[in-house]
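The lines below spell out each chain.
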Amino acid sequence: MNAERVSITRPMPQFLGYCFKVFEACPAWVGAERVRRVASVTECNLPRPEGWVDRWDFNCAGLYETPAAARVALEESGDPDEFHLFAYEFYPLRFDHQGSIREVRVEEIFGTSDPLLPGARSADGLVFLGFDVVERWADSVENDASTPALAGGFGCSPLFCGMEARNYPANEYCLLDTWEDACVAAAAFAVSTPDKPGCYYVFGVFGERL
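Each value, and the rule that gives it
Residues numbered from 1 in each chain as written. Predicted model: local features only at pLDDT ≥ 70, side-chain atom pairs only at ≥ 80, totals over all residues. Heavy atoms only, no water. Helix = DSSP H or I, 4+ residues; strand = E, 2+ residues; numbered from the N terminus. Buried < 20%, exposed > 50% of the residue type's maximum accessible area, 1.4 Å probe, protein only. Contact = heavy atoms within 4.5 Å. Areas by Shrake-Rupley, 256 points an atom, 1.4 Å probe, with all protein chains shown as cover. Salt bridge = Lys/Arg side-chain N within 4 Å of Asp/Glu carboxyl O. Arc of directions from axis to C-beta. Phe/Tyr/Trp six-rings, centres within 6.5 Å; stacked < 30°, edge-to-face > 60°. Lys NZ or Arg CZ within 6 Å of the ring centre and 35° of its normal. 1 Å grid on protein atoms, 1.4 Å probe; cavity = no way out; pocket = protein on both sides within 12 Å on 5 of 7 lines; lining within 4 Å. Points joined across faces, edges and corners; volume = space filled by probe spheres on them. Polar contact = N/O pair within 3.5 Å; in protein donor to acceptor, adjacent residues only side chain to side chain.

J.: Can you lay out the overall build of the chain for me, pointing to particular residues and giving the numbers?
T.: What the chain contains, in helices and strands, is 5 helices and 5 strands. Reading the secondary structure of the chain in the N-to-C direction produces β-α-α-β-β-α-β-α-α-β. Counting the 210 residues in the chain, one finds 52% classified as buried. Here the contacts in the chain between residues at least 6 apart in sequence split such that 77% fall between residues at least 24 apart. Here the chain has roughly 9,600 Å² of accessible surface; of this, 51% comes from carbon and sulfur atoms.

J.: Can you lay out the pattern of salt bridges for me, pointing to particular residues and giving the numbers?
T.: A side chain of one charge can pair with a side chain of the opposite charge if their charged atoms are brought near each other. For the structure on display, the rule yields 6 salt bridges. Across the pair Asp-57 and Arg-55 runs a salt bridge, and its minimum N-O distance is 2.9 Å. Classification of Asp-57 by relative accessible area gives partly exposed; the value is 29%. According to the relative accessible area criterion, Arg-55 is partly exposed, its value standing at 31%. Residues Arg-94 and Asp-139 are paired through a salt bridge, measuring 3.5 Å at the closest nitrogen-oxygen approach. Taken together, the residues span a long stretch of sequence, with Arg-94 in strand E2 (residues 83-95) and Asp-139 in the loop between strand E4 (127-136) and helix H4 (158-161) at a distance of 45 residues. Neither residue differs from the other here; Arg-94 and Asp-139 are each classed as buried. In the salt-bridge network here, residues are joined through shared partners; they are Arg-94, Arg-136 and Asp-139.

J.: Which residues make up helix H2 (residues 67-75), and what are the values?
T.: The periodicity of an α-helix, 3.6 residues per turn, causes residues three or four positions apart to be oriented the same way. Among all positions in H2, only Ala-70, Ala-73 and Leu-74 are buried. Summarising the axial view, the buried residues of H2 lie within an arc of 105°, below the 170-degree limit, and thus occupy one face. Seen from the buried face of H2, the exposed residues on the opposite side, beyond 90 degrees, are Ala-68 and Glu-75.

J.: Provide a residue-level description of the packing of aromatic side chains, including the pertinent values.
T.: The tally for this structure, following the rule as stated, stands at 20 aromatic pairs. Pairing Phe-15 with Tyr-18 gives two aromatic rings, centres 5.4 Å apart and planes at 70°, and the pair type is edge-to-face. Each member of the pair Phe-15 and Tyr-18 is classed as buried. Consider the rings of Phe-90 and Tyr-201, whose centres lie 5.6 Å apart with planes at 35°: the pair is tilted. In this pair, Phe-90 sits in strand E2 while Tyr-201 sits in strand E5 (residues 199-207), placing the two residues 111 residues apart along the sequence. Like Tyr-201, Phe-90 is buried. Following the ring pairs from residue to residue traces out a cluster consisting of Phe-90, Phe-110, Phe-154, Tyr-201 and Phe-203. Seen from the ring of Phe-23, Arg-37 lies directly overhead, with NZ or CZ sitting 5.6 Å from the centre. Lying across the ring of Trp-52, Arg-48 places its NZ or CZ 3.5 Å from the centre.

J.: Can you lay out the layout of surface pockets for me, pointing to particular residues and giving the numbers?
T.: The calculated volume of the largest pocket comes to roughly 300 Å³. Take the lining of the largest pocket: its biggest share by element is 3 residues, from strand E1 (residues 14-22).

J.: Residues and numbers for the side chain of Arg-48, please.
T.: Residue position: Arg-48 is located in the loop between E1 and helix H1 (52-55). The class for Arg-48 is buried, based on a relative accessible area of 9%. Reaching out from Arg-48, the side chain makes a polar contact with the backbone oxygen of Gly-62 at a distance of 2.8 Å. Once residues within four sequence positions are removed from consideration, Arg-48 is found in contact with Cys-19, Phe-20, Lys-21, Glu-43, Gly-62, Leu-63, Tyr-64 and Phe-83.

Remember that the coordinates give geometry; whether it matters functionally is a separate question.
Set out below in C-alpha cells:
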C-alpha cells in the first residue's frame, strides 16, 4: 500500500500505559518554528527519571498501568519538577522498507511478560497531544516483528531526532495532528532510511498541556 494514495484504516489502538519524562522546550536545531515543546515518544534528549529501568517494575512496554505507579519511580529520583506525565497508545501497523504496510499482533511487538499491558483503559486526566512515528530497531529481520526487546525495542522519532518536523505539518508538540499525516510520514520514513534496521510504527501521545 502507498500511504500517499490509499486511505489507511486506523486499527484499534492498544493503550500501553503511563510514564514521566522531561517535557522540554524545542531546541533551535529542530528548525521548526511552530514547535514549542517536544513530546516525542523517543527518549533521545527527553529522559525519564534516573534509574527507572533498574526498578524493573514496569510492564512489557516499559510503562505503568496507572499514574500513581509511574510516580513511584519519579519520587525516588532527581527533581520531580522537571518531569511531566505522559501516556501512549500503540497502533499495530508495521511500515517497512519495501513500502508495505501490514497489521501486526501487539504481542509480536511487546511480548507477553508480566506485568501485562493494560486492558481497555484510557489516558484519564490527560489530553491528546498528537501522533508520533517511531522506529523499532528490534525489527532486525525484514517481515519479522517478533524480536523481543526492552519496552518493545523502539528508538528514534524522526520528527524530532531527524529534524523532520520542518518537512511535515508538526504541531506545537513536535507531533502530527491527524492519522492521515502520521501514515504518510511513517511510510516515507520507512522507505527513505534503508540503512536503519528498524521499521516504523505510529503512537498516540497524551500528556499535560503547557
